[in-house]
Number of protein chains: 2
Amino acid sequence: MNELVRVEVPGRWEGEAEETAFVGRALQAWFYRELATRDEGLATALHDMSAEKPFSIALRRQPDERLVVTAYGILAPFVLDLSRTMPDRLLLNARWWRREGEAAVERATWPELAAGLLAPAPETRTTLNFVTPTTFRSKGNYLPLPVPQLVFGGLLERWQTWAPVDLGAGAGAALEGIVVRRHRLASVAVQLKGLVPGFVGAAEFELRSAGGPYGGLLGVLARFARFAGVGAKVSTGFGCVDVTTVAGRPASQAQGETGARPGRGN
Amino acid sequence: MNELVRVEVPGRWEGEAEETAFVGRALQAWFYRELATRDEGLATALHDMSAEKPFSIALRRQPDERLVVTAYGILAPFVLDLSRTMPDRLLLNARWWRREGEAAVERATWPELAAGLLAPAPETRTTLNFVTPTTFRSKGNYLPLPVPQLVFGGLLERWQTWAPVDLGAGAGAALEGIVVRRHRLASVAVQLKGLVPGFVGAAEFELRSAGGPYGGLLGVLARFARFAGVGAKVSTGFGCVDVTTVAGRPASQAQGETGARPGRGN
């Protein structure tokens, strides 16, 4: 229970054409079928769960095509087992996706991630690359924009639901200090039951006022994002991210590095 | 007092090189100098004003280089007068920007804009093209993202401060129904006293639940945006927008048109 897992499986579509349809629902269905086959008790427990399920699954195309499955909490052992016995091919939307090589497994523990809070030079800047469509729920609507308090608020909520290491009562307030430094974003519309607006691209975040007990909070949650996914529908192909964090620097130095085109007006 | 004005003046920089520095502060300084020279009483009134000043000024580069000055409330007559007696050139950041042709003036009245609320087929979709860097203030930080409630909440606030036509107590709640359908955005860092994060690009917004007394609210505020600018620092070169509104359609038809790459996952 104390572990987080991220599995990346290289592969490609069989046949000529590149697959362009969104396969998130097919991925989710495959995952649940595997779960029901291998561990019926766990499948039932997951089904009865009211909180967000502790896994994500997505097919990413950059830098090369990979199936990405992440899990934590009660699902981590299952996904670790899955990574060792991956089938050679998956039927997704009536087409075969073929595995081409072994699964790469990345593991971490909650205490390892949480240790970032106490780091002497905490990571106060992070870049998230949103490599599959990402979206957030906000007041009953989808919001396809990486608002810091939605990005990291959602991560904090999942952390507090699943982690045995409590980040404390002040964490929520500390999130208010996270700002967007720069970004490049484009929306994509994903056909599920209806059209869901999402976005892909990259955004750099910074935790201002990096002093205090929560100076390392941004870095902790960013590393967690790699295992949790970001935003809504991470169990349906959304919100797969690559994460780059940078340790704290003097604000003056950091300022001089902002922006691709500093001082350029248009 | 009952008028809104938008003036566009074609021109270009003298000399060889294209000007790349952000000239927002220089534009603001020029505007205030003109004001002080032509109408000292008005300059004093503006100086003493605690609310946001009812004008915007920006230098845009697309589709061609133009100085854009907008005004409403007590400043509309002054800007109208300014458009008729524009100097041949402006000194901005120690370089000359030369006017090349006459100012184009667009005018509207508050009742004309407000009439959109009562339109039989209200405009429920609008695309804003952010042609100069745009940013918002949110909880003490800059947020360079077009969150609908910041875009249109700020416009509503300015409307209610300046317009003789009250949009009513329910307008604020109606804004919660505005969503982002699609966007393409890139951040820019603007050097003022410090670096201010902004963005350029385009975003399409839709008012869901278009029935009820506020079905036309999105269209009204979008048209106002053309005269008010969007977000923070519109008197310093930020937030100049082009606006395209579309009249209401059945939701099913509108859905089929969403997104540049519908159903495409990545």
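Refer to the structure above for everything that follows.
Note that the structure is a prediction, hence the values are computed from the model and not measured. (Residues numbered from 1 in each chain as written. Chains lettered and ligands numbered in written order. Predicted model: local features only at pLDDT ≥ 70, side-chain atom pairs only at ≥ 80, totals over all residues. Heavy atoms only, no water.)

J.: Sorry, what's going on with helix 2 (residues 40-47) of chain A here?
T.: Since the α-helix advances by 3.6 residues per turn, residues separated by three or four positions end up pointing in the same direction. All names here are of chain A. Turning to helix 2, its buried residues number three or more, namely Leu42, Ala43 and Leu46. All buried residues of helix 2 fall inside an arc of 105° around its axis, so they share one side. Opposite the buried face of helix 2, by more than 90 degrees, sit the exposed residues Glu40 and His47. The secondary structure elements touched by the buried residues of helix 2 are helix 1 (24-38), strand 2 (55-60) and helix 3 (76-84). (Buried < 20%, exposed > 50% of the residue type's maximum accessible area, 1.4 Å probe, protein only. Helix = DSSP H or I, 4+ residues; strand = E, 2+ residues; numbered from the N terminus. Arc of directions from axis to C-beta. Contact = heavy atoms within 4.5 Å.)

J.: Where do I start with the nonpolar core in this structure?
T.: Across soluble globular proteins, you tend to see nonpolar side chains buried next to one another. If you look at the biggest cluster of nonpolar residues, it comprises 145 residues, and the most contacted ones within it are Leu67 of chain A together with Leu67 of chain B. Here Leu67 of chain A is in contact with Val7, Glu8, Val9, Leu27, Trp30, Ile57, Ala58, Leu59, Met86, Leu90 and Trp97 of chain A, once residues within four sequence places are set aside. (Core = buried A, V, L, I, M, F, W, Y, C linked by side-chain atoms within 4.5 Å.)

J.: I would appreciate a short explanation of the pattern of salt bridges in the present structure.
T.: Opposite charge on two side chains permits them to pair, given that their charged atoms come into close proximity. One pass over the structure, following the stated rule, counts 46 salt bridges over all chains. The salt bridge involving Arg6 of chain A is made with Asp242 of chain A; its shortest N-O contact spans 3.6 Å. Of this pair, Arg6 of chain A sits in strand 1 (residues 3-13) while Asp242 of chain A sits in strand 12 (residues 241-247), placing them 236 residues apart in sequence. Residue Arg66 of chain B is joined to Asp64 of chain B by a salt bridge in which the shortest nitrogen-to-oxygen separation is 2.7 Å. (Salt bridge = Lys/Arg side-chain N within 4 Å of Asp/Glu carboxyl O.)

J.: Honestly, the environment of Pro63 of chain B in this entry has me stumped. Any pointers?
T.: Residue and element names in this part refer to chain B. Relative to the helices and strands, Pro63 resides in the loop between strand 2 (55-60) and strand 3 (66-72). Given the relative accessible area of 58%, Pro63 is considered exposed. Taking the C-alpha atoms as reference, Pro63 lies 33 Å from Glu176; in sequence the two are 113 residues apart.

J.: Just checking my understanding: could you explain the packing of aromatic side chains for this structure?
T.: Within a pair of aromatic rings, the relevant descriptors are the distance that separates the centres and the angle that separates the planes. Applying the stated criterion across every chain, the model contains 28 aromatic pairs over all chains. Note on Phe31 of chain B and Tyr32 of chain B: the rings are 6.2 Å apart at their centroids and 80° apart in plane angle, and the pair reads as edge-to-face. Overall, Phe31 of chain B belongs to the buried group, its relative accessible area being 0%. Tyr32 of chain B gets classed as partly exposed once you look at its relative accessible area, which sits at 28%. Between Trp110 of chain B and Phe224 of chain B, the ring centres sit 5.4 Å apart and the planes meet at 50°, which makes this aromatic pair tilted. With a gap of 114 residues between them, Trp110 of chain B in helix 4 (residues 110-114) and Phe224 of chain B in helix 7 (residues 217-228) connect regions that are remote in the sequence. Across this residue pair, the class does not change: Trp110 of chain B and Phe224 of chain B are buried. Taken together through their ring pairs, the aromatic side chains of Tyr72, Trp110, Trp159, Trp162 and Phe224 of chain A make up a single cluster. When the ring centre of Trp96 of chain A is taken as origin, the NZ or CZ atom of Arg89 of chain A, which lies over that ring, is 3.8 Å away. Stacked on the ring of Tyr142 of chain A, the Lys or Arg Arg137 of chain A has its end atom at 4.3 Å from the ring centre. (Phe/Tyr/Trp six-rings, centres within 6.5 Å; stacked < 30°, edge-to-face > 60°. Lys NZ or Arg CZ within 6 Å of the ring centre and 35° of its normal.)

This is a description of form; function is not addressed.
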